[in-house]
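In case you want the letters, here they are:
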There are 2 protein chains.
Amino acid sequence: MAAQDEQWLDEIKWNADGLVPVIAQDAGDGQVLMMAWMNRQSLARTLQLGEAVYWSRSRGRFWHKGEQSGNVQEVREVRLDCDGDTVLLRVVQHGDVACHTGRRRCFFKRLDGLRWVVDEEVLTDPATLYSTDERNE
Amino acid sequence: MAAQDEQWLDEIKWNADGLVPVIAQDAGDGQVLMMAWMNRQSLARTLQLGEAVYWSRSRGRFWHKGEQSGNVQEVREVRLDCDGDTVLLRVVQHGDVACHTGRRRCFFKRLDGLRWVVDEEVLTDPATLYSTDERNE
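Being a predicted model, the structure only gives us computed values, none of them experimental.

Cut-offs and rules
- Residues numbered from 1 in each chain as written.
- Chains lettered and ligands numbered in written order.
- Predicted model: local features only at pLDDT ≥ 70, side-chain atom pairs only at ≥ 80, totals over all residues.
- Helix = DSSP H or I, 4+ residues; strand = E, 2+ residues; numbered from the N terminus.
- Rg over C-alpha atoms; globule rule 2.2 N^0.38 Å.
- Buried ≥ 20, exposed ≤ 12 C-beta atoms within 10 Å, placed from the backbone.
- Least-squares fit on C-alpha atoms with pLDDT ≥ 70 in both.
- Contact = placed C-beta atoms within 7 Å.
- Nonpolar A, V, L, I, M, F, W, Y, C, P; charged D, E, K, R; others polar.
- Pairing = 2+ DSSP bridges.
- Arc of directions from axis to C-beta.
- Core = buried A, V, L, I, M, F, W, Y, C linked by C-beta atoms within 7 Å.
- Axes fitted to C-alpha atoms, helices over the stretch in contact; angles between N-to-C directions.

Asker: How should the overall build of chain A be read in this particular structure?
Answerer: Tallying secondary structure elements over chain A gives two helices and eight strands in all. When the helices and strands of chain A are read in sequence order from the N terminus, they spell out α-β-β-α-β-β-β-β-β-β. The globule rule puts the C-alpha radius of gyration for 137 residues at 14 Å, and the 15 Å found for chain A is close to it. Projected onto the principal axes, the alpha-carbon positions of chain A cover approximately 45 × 35 × 30 Å. Counting only residues that meet the buried cut, chain A has 40% of its 137 residues in that class.

Asker: Just checking my understanding: could you explain the relation of the copies chain A and chain B for this structure?
Answerer: The two chain copies are related to each other by a rotation about an axis together with a translation along it. Of the transformation placing chain A onto chain B, the axial shift is 0.0 Å and the rotation is 180°, giving an RMSD of 0.0 Å. Taken together, the rotation and translation describe the operation of a two-fold axis. Looking at the rotation axis and the C-alpha trace of chain A, the residue lying nearest is Gly30(A), at 2.8 Å. With an isologous cut-off of 70% or more, the 100% of interface residues of chain A that recur at the interface of chain B puts this contact in the isologous class.

Asker: Please explain the interface of chain A and chain B as it appears in this structure.
Answerer: A common way to report how large an interface is uses the accessible area buried once the components associate. Tallying the contact residues gives 33 residues for chain A and 33 residues for chain B. Sorting the residues of the side of chain A that touches chain B by element identifies β1 (19-26), β2 (32-39), β5 (73-80), β7 (109-112) and β8 (115-118) of chain A as the ones contributing at least two each. Here the side of chain A that touches chain B takes four residues from β5(A), the largest share from any one element. In terms of residue class, the side of chain A that touches chain B is built from 17 nonpolar, six polar and ten charged. Here two bridges tie β7(A) to strand β5 (residues 73-80) of chain B, and the two strands are oriented antiparallel to one another. Along β5(B), the bridge assignment pairs Lys109(A) with Leu80(B).

Asker: In this structure, what is going on with helix α2 (residues 40-49) of chain A? I would like to understand it.
Answerer: At 3.6 residues per turn, the α-helix brings residues three or four places apart onto the same side. All names here are of chain A. Looking only at α2, the buried set comprises Ser42, Leu43 and Thr46. Along α2, the residues classed as buried sweep out an arc of 100° about the axis, all on the same side. Elements that come into contact with the buried residues of α2 comprise α1 (7-10), β2, β3 (53-56), β4 (61-64) and β5.

Asker: Honestly, the nonpolar core in this entry has me stumped. Any pointers?
Answerer: As a rule of thumb, soluble globular proteins bury nonpolar side chains together. With 62 residues, the main nonpolar core has Val22(A), Ile23(A), Leu89(A), Val22(B), Ile23(B) and Leu89(B) as its most contacted residues. Residues within four places of Val22(A) in sequence aside, it is in contact with Met35(A), Ala36(A), Trp37(A), Met38(A), Tyr54(A), Val87(A) and Leu89(A).

Asker: Where do I start with the sheet that holds strand β1 (residues 19-26) of chain B in this structure?
Answerer: Within a sheet, each strand pairs with its neighbour through backbone hydrogen bonds, oriented either parallel or antiparallel. Taken in spatial order, the six strands make up an open sheet running β8(A)-β7(A)-β5(B)-β6(B)-β1(B)-β2(B), and their pairing is mixed. Both edges of this open sheet fall to β8 of chain A together with β2 (32-39) of chain B, since each of them pairs with a single strand only. Neighbour-to-neighbour, the strand axes of the sheet open up by a mean angle of 35°, direction not taken into account. Where β1(B) meets β2(B), seven bridges bridge the pair, whose relative direction is antiparallel. In the sheet register, Val22(B) faces β2(B), and the bridge partner there is Ala36(B). Strands β2 and β5 of chain B of the sheet are contacted by helix α2 (residues 40-49) of chain B, whose axis makes an angle of about 120° with β2(B).

Asker: In this structure, what is going on with the pairing of β2(A)? I would like to understand it.
Answerer: Two faces make up the sheet, and in a regular strand the side chains alternate between them. For β2(A), the tally of buried residues reaches seven of eight residues, placing the bulk of the element in the interior. Connecting the antiparallel pair β1(A) and β2(A) is a turn made up of five residues, with Gly30(A) showing a positive phi of about 80°.

Asker: When you look at unusual backbone geometry in this model, what are you seeing that I'm missing?
Answerer: Residue and element names in this part refer to chain A. Although it is not a glycine, Asp96 adopts a positive phi angle of roughly 60°. Looking at where Asp96 falls in the secondary structure, it is placed in the loop between β6 (87-93) and β7. Overall, the presence of 14 C-beta atoms within 10 Å leaves Asp96 in the partly exposed class.

Asker: Is there a simple way to explain the environment of Ala52(B) in this structure?
Answerer: Residue and element names in this part refer to chain B. For Ala52, the position within the fold is in the loop between α2 and β3 (53-56). Spatially, the C-alpha atoms of Ala52 and Leu129 are 17 Å apart, while their sequence positions differ by 77 residues. Contact partners of Ala52, with chain neighbours within four places excluded, come to Ala24, Thr46, Lys65, Gln73, Val75, Leu89 and Val91.

Asker: What is the right way to read the environment of Glu11(B) from this model?
Answerer: Residue and element names in this part refer to chain B. Positionally, Glu11 belongs in the loop between α1 (7-10) and β1. Here Glu11 falls in the exposed class, since 12 other C-beta atoms lie within 10 Å of it. Considering only alpha carbons, one finds Glu11 and Val92, 81 residues apart in sequence, at a separation of 26 Å.

Here you go:
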């Protein structure tokens, strides 16, 4: 992108590590699927590709969500919050599985009293999702 | 809380600053209202009170959302993601305004081409919301 086209990226308040938290929400039913991080380059790539490209903090590299599993996130809308430090994506989740555990979404634990309980089922065997180490960081 | 009751808090992966990002989602229509941060104590207080109590990083103190404006967030559900480092709350947003700008939600800017455009209206004059400095950090 030419420098003059990067104004929208300059308006984001990147943290000390050059990252911004990104929430992925299902464009259909509004479920919050996951939260991950992007740096400037990964957000620019996301826009160019039309699919979510996060920055994996643990692996220190771009993480094109679904690059192995095929469960890409097609981006329908990119939103920014009032103070510019959080991004919200509305996505079409291919394969209907956003979580590396094979569940629809990463938020599959619910606080029940003082205990976390898993209340969402595994839709796809995670062993079939990845050939090597792609996961949610 | 007694130490034996804090196991659920121990299962959260707090960051280096002792914080976790918290997404607040409307329990009714599923809108993502805002993202803010909590520390261990503020999440414990949230549970005890049944209303969202964040940790304001800018002010370095507890931030009981709506303490001045009355726009509290009644917590209906607390969820945790697969790797334990992000919390999702489903809330009833009192006053129907989550953002300090007087809008329904903080994500009121949408990327249109290469430009952020505001596409949500101000529902409440922000001057009437706060007597001093309560805002989204």
